[in-house]
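# Examining the three-dimensional arrangement
The primary structure of each chain is shown beneath.
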Amino acid sequence: MAEYEMILTEAQGRVGLVRLNRPKALNALNAALMKELMNALAVFDADEGVGAMVVTGDERAFAAGADIKEMVDASAVEMLARDNISVFDRIRTIKKPVIAAVSGYALGGGCELAMSCDMIVASESAKFGQPEINLGVIPGAGGTQRLTHAVGKAIAMEMVLNNRTLSAAEAEHYGLVNRVVPVERYLEEALELAAEIAARAPLAVQIGKQAVNQAFEASLTEGLAAERRMFYFLFASQDQKEGMQAFIEKRPPQWKGE
Ligand code: CAA
């Protein structure tokens with residue numbers, strides 16, 4: 001496995017785990033960390049032994065945002081040339097499911113990173129916010145878009161314009177997170193969820209992720225047409241034959257990922 005300075009990686013069975021590891025900076029997302037994170041996810045994505053991934057920080061902070069110290073003096077032209085934010089977009093190219101296990105602060109880029117993942121398991125201490133307004137800017141890595149899709153316009157406006165922070169319970173109420181669990185359990189819970197998904201028919205999992213994401217890209221008519229194509233496509237897989245045959249024979253299926 002590659003050597004990293006800002007993250008820790010390990011495989012637990014069929015789950016690839018990435019831990020952000022800049023605790024003194026509350027896992028602030030500098031360019032080097034983001035590069036390592038995306039590299040680690042791409043490596044797990046290409047690994048046939050891995051079926052799903054978990055991204056986490058530590059108990060105090062998932063991530064407190066993009067690294068303010070790295071960009072305080074930058075000009076607009078420098079920001080454009082560095083284009084550090086575009087690395088956030090690469091998470092969309094990951095084919096396998098990615099689950100964020102969030103405890104403590106998920107602020108600014110940290111909230112945006114969590115929202116870029118496919119699911120969020122939160123600890124009771126998690127806090128979600130887009131405090132960029134306090135810095136004289138706005139979210140730049142999806143915070144005005146994904147957040148609005150997730151929690152709706154009213155709450156997104158308050159978060160983006162007035163630094164409203166959501167507690168874990170509020171985030172669950174507004175549909176931003178999948179579930180909230182006690183602090184001692186959040187990582188375990190995310191790993192268990194990832195392991196369950198990683199044990200399912202791999203092709204159908206990847207295509208299912210694509211199909212759900214399609215809902216954010218297209219009109220309902222286009223989305224339904226794409227979904228139907230993907231559904232029919234899965235009838236080219238051995239896993240479809242196996243899954244349906246196993247149902248009829250009343251036995252557990254043996255997935256091949258083919
Ligand atoms: N960037 C750089 N460093 C950060 C950071 C960030 N986003 N967040 C925290 N840190 C650093 C602090 O500077 C501090 O470092 P030093 O010990 O060297 O001073 C260390 O982490 C610990 O932080 P605090 O002492 O501030 O801890 P606290 O418990 O008093 O407060 C906090 C915690 C409320 C999260 C506070 O750190 C904070 O407000 N952080 C900034 C949050 C923020 O504004 N995030 C948005 C960033 S911009 C962005 O993300 C743009 C985008 O859309 C991509």
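For the structure itself, look to the data block above.
The structure reproduced in this document is the subject of the present report. (Residues numbered from 1 in each chain as written. Predicted model: local features only at pLDDT ≥ 70, side-chain atom pairs only at ≥ 80, totals over all residues. Heavy atoms only, no water.)

Turning our eyes to something else, we now look at the site of the ligand. In the vicinity of the ligand, 24 residues are found, and the nearest of them are Ala66, Gly109, Glu112, Glu132 and Gly140. Coverage of the ligand by the protein chains reaches 64% of its 980 Å² of free accessible surface. Listed by contribution, the elements that provide at least two residues to the shell around the ligand are helix 2 (68-71), strand 6 (105-107) and helix 5 (109-116). Of the residues belonging to the shell around the ligand, the class tally is 14 nonpolar, four polar and six charged. (Near = heavy atom within 4 Å. Areas by Shrake-Rupley, 256 points an atom, 1.4 Å probe, with all protein chains shown as cover. Helix = DSSP H or I, 4+ residues; strand = E, 2+ residues; numbered from the N terminus. Nonpolar A, V, L, I, M, F, W, Y, C, P; charged D, E, K, R; others polar.)

We now examine the pairing of strand 7 (residues 119-123). On a regular strand, one side chain projects to one face of the sheet and the next to the other, so that they alternate. With respect to burial, strand 7 is a largely interior element, four of its five residues being buried. Where strand 5 (residues 98-102) meets strand 7, four bridges bridge the pair, whose relative direction is parallel. Residue Ala100 lies in a different strand from strand 7, and its bridge partner there is Ile120. Inspection of the sheet shows strand 7 paired to strand 10 (residues 179-181) by three bridges, in the parallel sense. Bridge assignment links Val121 to a residue of strand 10, and that residue is Arg179. (Buried < 20%, exposed > 50% of the residue type's maximum accessible area, 1.4 Å probe, protein only. Pairing = 2+ DSSP bridges.)

This brings us to the nonpolar core. Ranked by size, the top nonpolar core spans 47 residues in total, and within it Leu20, Leu37, Leu41, Phe62, Val102, Phe128 and Leu176 carry the most contacts. Counting residues in each nonpolar core, the second largest holds 17 residues, with Val181, Ala190, Ala194 and Val205 among its members. (Core = buried A, V, L, I, M, F, W, Y, C linked by side-chain atoms within 4.5 Å.)

Attention now moves to the sheet that holds strand 4 (residues 61-63). Through backbone hydrogen bonds, the strands of a sheet pair up, either in parallel or in antiparallel fashion. A sheet is described by the order of its strands in space; here four strands give the open sequence 4-6-8-9, paired in mixed fashion. Of all the strands in the sheet, the pair left with one neighbour each is strand 4 and strand 9 (166-167). The sheet contact formed by strand 8 (residues 127-129) and strand 9 spans two bridges and is antiparallel. Considered in strand 9, the bridge of Lys127 is made with Ser167. Along the sheet face, helix 5 touches strand 4, strand 6 and strand 8 and points at about 90° away from the line of strand 6. (Contact = heavy atoms within 4.5 Å. Axes fitted to C-alpha atoms, helices over the stretch in contact; angles between N-to-C directions.)

We now examine the sheet that holds strand 5. Ordered by their spatial adjacency, six strands build an open sheet running 1-2-3-5-7-10, and the pairing between neighbours is mixed. Lying at the two open borders of the sheet, with one neighbouring strand each, are strand 1 (7-12) and strand 10. Mean inter-strand twist for the sheet, computed between neighbouring axes without regard to direction, equals 20°. As paired elements, strand 3 (residues 52-56) and strand 5 share four bridges and run parallel to each other. Its bridge partner lying in strand 5, Val55 is registered against Ala100.

For the structure on display, the rule yields twelve salt bridges. Glu217 is paired through a salt bridge with Arg92; the nearest N and O atoms lie 2.9 Å apart. Of the two residues, Glu217 is situated in the loop between helix 10 (202-214) and helix 11 (220-233) and Arg92 in the loop between helix 4 (86-89) and strand 5; the sequence distance between them amounts to 125 residues. Since its relative accessible area comes to 54%, Glu217 is described here as exposed. According to the relative accessible area criterion, Arg92 is partly exposed, its value standing at 48%. Taken together, the shared-partner salt bridges in this structure form one network comprising Arg179, Arg185, Glu188, Glu189 and Glu192. (Salt bridge = Lys/Arg side-chain N within 4 Å of Asp/Glu carboxyl O.)

By themselves, these figures tell us nothing about what the structure is for.
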